[in-house]
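Understanding the architecture of this molecule
Chain by chain, the residues:
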Amino acid sequence: MRQNNYRLIEKRELDDAGKLWQLQFEAPGINARPGQFVNILVDGCYLRRPISVSEYDGEVLTLIIDTVGEGTKRIVETEPGESLDMLTGLGNSFSLSLKEKGQVILIGGGVGYAPLVGLFKCLWEIPGLTPLAFFGFNNLSTMPQVHLNELRREYGEEIQIATMTGEYGFKGNALELAMSYIAEKGITPEFFYTCGPMPMMKAVCNAFDFDGQASLESRMGCGFGACMGCSIPTPSGPKRICKEGPVFQKSELGNFDF
């Protein structure tokens, strides 16, 4: 874990609803692997705000933030040139040791697509792996259309999109899209990654008989395992989302009874 001030380089609004923002920070040499998160100090707020790492190239840290409350709203009000106090290197990360796996799928719902973007790009670089990403959103106004169009121009059909209203792409949720696409193309996935609303991730884990990983979210006190405030029950005992997670193996989560 490292604490430092990181300068905002650029920010942009991603959706028409004014809720989803992409912020890029100058952050050389930090630990920010796919699945990890940062914890941001916010003026006027008692607790820091945990935000998943979306992408990191060794120099620039990219965060995608859903403005769900006063804390996240204040974060996105930061202007380029200003700095934010962050704890970095928090949590574990998605496994990339999948050289024996041919086809892997990523399923993200809502802002849960954010940490899967950087993961997808890392998987894309691994010889022998063929990642497919399925991202689902409620409607067109809450969808980061410009960002997704950029990804689709770069990766083509490997990025598939669904909206519940059918305004864009497949009509339905991300899991329904994945199941439909897999059946249509005759694909046999061997591993999955998922991030998004808890009911969606539970449905993803129950839908497949092969292994995978889910990245969980939670309100956090400290963000580094000291307060136990984000603990969940698992078949092998209590585990902290901020420390033992946020990424868990499917087998660790049991029936999602938390």
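In the block above lies the structure referred to throughout.
Okay, so let's go over this structure.

Rules of the game
The numbers attached to residues start from 1 for each chain and follow its sequence in the written order. In keeping with the predicted nature of the model, local features appear solely for residues at pLDDT of at least 70, side-chain atom pairs appear and are counted solely at 80 or more, and the whole-chain, interface and lining totals rest on all residues. Side-chain metrics in this entry use all non-hydrogen atoms of the structure; hydrogen atoms and water are not considered. Axes here mean lines fitted to C-alpha atoms, for a helix over just the part in contact, with angles spanning 0 to 180 degrees between N-to-C directions. Only DSSP runs of H or I reaching four residues or more are called helices, and only runs of E reaching two or more are called strands; each is numbered from the N terminus. With respect to orientation, any angle under 35 degrees is reported as roughly parallel, any angle over 145 as roughly antiparallel, any angle of 65 to 115 as roughly perpendicular, and every other angle as oblique. Contact definition: two residues touch when any of their heavy atoms are within 4.5 Å. Residues are grouped as follows: Ala, Val, Leu, Ile, Met, Phe, Trp, Tyr, Cys and Pro are nonpolar; Asp, Glu, Lys and Arg are charged; all remaining types, including Gly, are polar. Under the scheme applied here, a residue whose accessible area is under 20% of the maximum for its type counts as buried, over 50% as exposed, and between as partly exposed, the area being computed with a 1.4 Å probe on protein chains only. The pairing criterion for strands is at least two bridges between them, as found by DSSP. Call a crossover right-handed when, viewed with both strands pointing away from you, the route from the first strand across the helix to the second goes clockwise. What we call a nonpolar core is a set of buried Ala, Val, Leu, Ile, Met, Phe, Trp, Tyr and Cys residues that are connected through their side-chain atoms within 4.5 Å. In this description, one arc is meant: the one made by directions from the helix axis to the C-beta atoms.

With that settled, consider the packing of helix α2 (residues 114–124) against helix α3 (residues 145–155). Where α2 meets α3, the closest approach of the two axes is 13 Å, and the angle between their N-to-C directions is 5°. Classed by the angle they form, the pair α2 and α3 counts as roughly parallel. Facing V117, F120, K121 and W124 of α2, the residues of α3 in contact are H147, L151 and Y155. Looking at side-chain class alone, the contact of α2 with α3 contains five nonpolar, one polar and one charged residues.

This paragraph deals with the pairing of strand β9 (residues 159–163). Where burial is concerned, most of β9 is hidden: five out of the five residues are buried. Bridge analysis of strand β8 (residues 130–137) against β9 gives five bridges, and the strand direction is parallel. Paired with F137 across the bridge in β9 is T163. In terms of handedness, the path from β8 via α3 over to β9 forms a crossover that is right-handed. The sheet contact formed by β9 and strand β10 (residues 170–171) spans two bridges and is parallel. Residue pairing across strands places T163 opposite K171, the latter belonging to β10.

This part covers the sheet that holds strand β7 (residues 103–109). Sheet architecture is open: seven strands sit in the order β10-β9-β8-β7-β11-β12-β15, paired in mixed fashion. Edge strands, defined here as strands with exactly one partner in the open sheet, are β10 and β15 (247–249). Pairing geometry for strand β11 (residues 191–195) and strand β12 (residues 212–215), over four bridges, is parallel. Opposite C195, over in β12, you have S215 as the bridge partner. Seen against the sheet, α3 touches β8 and β9 and runs at an angle of roughly 145° to β9. Lying over the sheet, helix α4 (residues 174–185) contacts β7, β8, β9 and β10, oriented at roughly 140° with respect to β8.

Ranked by internal contacts, the top residues of the largest apolar core, which has 32 residues, are I105, I107, F134, F208 and L216. Take this core: its biggest share by element is six residues, from α4. Ranked by size, the runner-up nonpolar core spans 29 residues in total, among them F94, L116, L129 and F191.

A few words on α3. Of the residues making up α3, those classed as buried are H147, L148, L151 and Y155. Projection of α3 onto a plane perpendicular to its axis shows the buried side chains occupying an angular sector of 95°, all on one side. One or two positions beyond α3, positive phi appears at G156, with a value near 65°.

We now examine the sheet that holds strand β2 (residues 20–26). Taken together, the six strands give a closed barrel; going around it, the order is β1-β2-β5-β4-β3-β6, and neighbouring strands pair in antiparallel fashion. Taken pair by pair, the neighbouring strands of this sheet meet at an average axis angle of 45°, ignoring direction. With four bridges joining them, strand β3 (residues 37–40) and strand β4 (residues 49–56) adopt antiparallel strand pairing. Looking at β4, one finds that I40 is bridged to R49. Relative to the sheet, α2 contacts β4 and β5 (60–66), its axis offset from that of β4 by approximately 25°.

Note that every value here comes from positions in space, so none of it alone points to a role or purpose.
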